[in-house]
Amino acid sequence: MTDWLGLPALASAHGAQIDDMIGWVHVFMLILFVGWGGFFVYALVRFRQSRNPVADYTGVKSHRSNYAEVGVAVIEAILLFGFAIPLWAARVGDMPPRSESLMVQVTGEQFAWNVHYAGPDGVFGRTDITLLDLQANPLGLDRSDPAAKDDITTVNQLYLPVNKPIIVRLRSKDVIHSFGVPEFRVKQDAIPGLTIPIWFVPDVTTAEMRTRTGNPEFQYEIACAQLCGLGHYRMRGFVTVQTAEEFQQWMEATSKEQSAAESDPFR
């Protein structure tokens, strides 16, 4: 239904619902535009000066305009209560179980996305603000914590398994950023002092999307959708959606690599 809107290729399980809502909003707004535009033209003709040389202070006694206003209110109520609120409630209230999902912490800063995985043990390690180092340790991860030894951190690179619920816990170090991936139909502000969860299920791997689009260089891009400073234009991250097996291999290999680098800083 929404192909005519020119939206980016769809790559999440819930995306069709978002597209349907956007499509209906456009349809209803088109109806209102045509209706009010037609009424405006009618008013110009019906109440032109040549037909009404003397002002009539009694005015129109018909209630048709009232009926039109009620109709507009009904349409807006349908959009709000029939589409927007139920969809919003499903995305916010029905968070998938932690045991069935992959949880990732994504922290925005000027001008990068810091990604933190719990590692194979599934437990996030402790972080300490005194350990922050913009180059070596932008999240202040305390590798002396046993739970942190297998944790994985990346910058501007988010790896996800296909067809698995993903819970992204959004944070910000400095100003308001906005995490947005158009193909997943997700967008959420990252606000300093808050941890805000969003969730989605990616259902098209990067390799498959490259085949569909015919673009061998295609990448899912994390765009910051809030003006966050002079370097806002370069705050770009990338998402790689893999099969479950590929993701597991990546996680194990990266965990070992980062653990080895921590134990041997001159490696």
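The text that follows walks through the structure, step by step, so that each part is easy to find. Nothing here was measured: the structure is a model prediction, and the numbers come from that model.

1. Description of the overall build of the protein chain
Scanning the protein chain for helices and strands turns up 4 helices and 10 strands. Along the chain direction, N to C, the helices and strands of the protein chain fall in the order α-α-β-β-β-β-β-β-β-β-α-β-β-α. Scaling as 2.2 N^0.38, a compact globule of 267 residues should have a C-alpha radius of gyration of about 18 Å, whereas the protein chain reaches 26 Å, well beyond that. Based on the C-alpha atoms only, the size of the protein chain along its principal axes is roughly 90 × 40 × 35 Å. The proportion of buried residues among the 267 residues of the protein chain is 38%. The long-range fraction of contacts in the protein chain, counting pairs at least 24 apart against all pairs at least 6 apart in sequence, stands at 67%. Taken as a whole, the protein chain presents about 15,700 Å² of accessible surface, with 59% of it coming from carbon and sulfur. Here the protein chain holds 22 positive side-chain charges and 29 negative ones, and the gap between their average locations is 9 Å.

2. Regarding the pairing of strand 9 (residues 220–224)
Here strand 9 shows a clear split, with Y220, I222 and C224 buried on one side and none of E221 and A223 buried on the other. Here strand 9 pairs with strand 10 (residues 236–242) via 4 bridges, running antiparallel. Considered in strand 10, the bridge of E221 is made with F238.

3. Regarding helix 1 (residues 15–46)
An ideal rise of 1.5 Å per residue puts 46 Å on 32 residues; helix 1 measures up with 46 Å between its terminal C-alpha atoms. Turning to helix 1, its buried residues number three or more, namely G15, I18, D19, G23, F28 and L32. Those residues of helix 1 that are buried lie in contact with helix 2 (64–93).

4. A closer look at a nonpolar patch on the surface
Nonpolar side chains collect at one region of the surface, where W36, F39, Y42 and F47 lie side by side and expose about 420 Å² of accessible area between them. Here F39 shows up in helix 1.

5. Description of the sheet that holds strand 3 (residues 152–155)
Across the sheet, 5 strands lie side by side as 3-2-1-5-8; this open sheet has mixed pairing. Only two strands of the sheet have a single partner each, and these edge strands are strand 3 and strand 8 (196–200). Going from strand to strand, the sheet's axes swing by 25 degrees on average, the running direction of each strand aside. Where strand 5 (residues 166–172) meets strand 8, 5 bridges bridge the pair, whose relative direction is antiparallel. Paired with V168 across the two strands is I198, which belongs to strand 8.

About the thresholds
- Residues numbered from 1 in each chain as written.
- Predicted model: local features only at pLDDT ≥ 70, side-chain atom pairs only at ≥ 80, totals over all residues.
- Heavy atoms only, no water.
- Helix = DSSP H or I, 4+ residues; strand = E, 2+ residues; numbered from the N terminus.
- Rg over C-alpha atoms; globule rule 2.2 N^0.38 Å.
- Buried < 20%, exposed > 50% of the residue type's maximum accessible area, 1.4 Å probe, protein only.
- Contact = heavy atoms within 4.5 Å.
- Areas by Shrake-Rupley, 256 points an atom, 1.4 Å probe, with all protein chains shown as cover.
- Lys, Arg positive; Asp, Glu negative; His and termini not counted.
- Charge placed at Lys NZ, Arg CZ, Asp CG, Glu CD.
- Pairing = 2+ DSSP bridges.
- Expected span 1.5 Å × (residues − 1).
- Patch = residues over 30% accessible without salt bridge, like charges linked within 9 Å, V, L, I, M, F, W, Y side chains within 5 Å.
- Salt bridge = Lys/Arg side-chain N within 4 Å of Asp/Glu carboxyl O.
- Axes fitted to C-alpha atoms, helices over the stretch in contact; angles between N-to-C directions.

Limitation: the analysis is restricted to geometry and does not speak to function.
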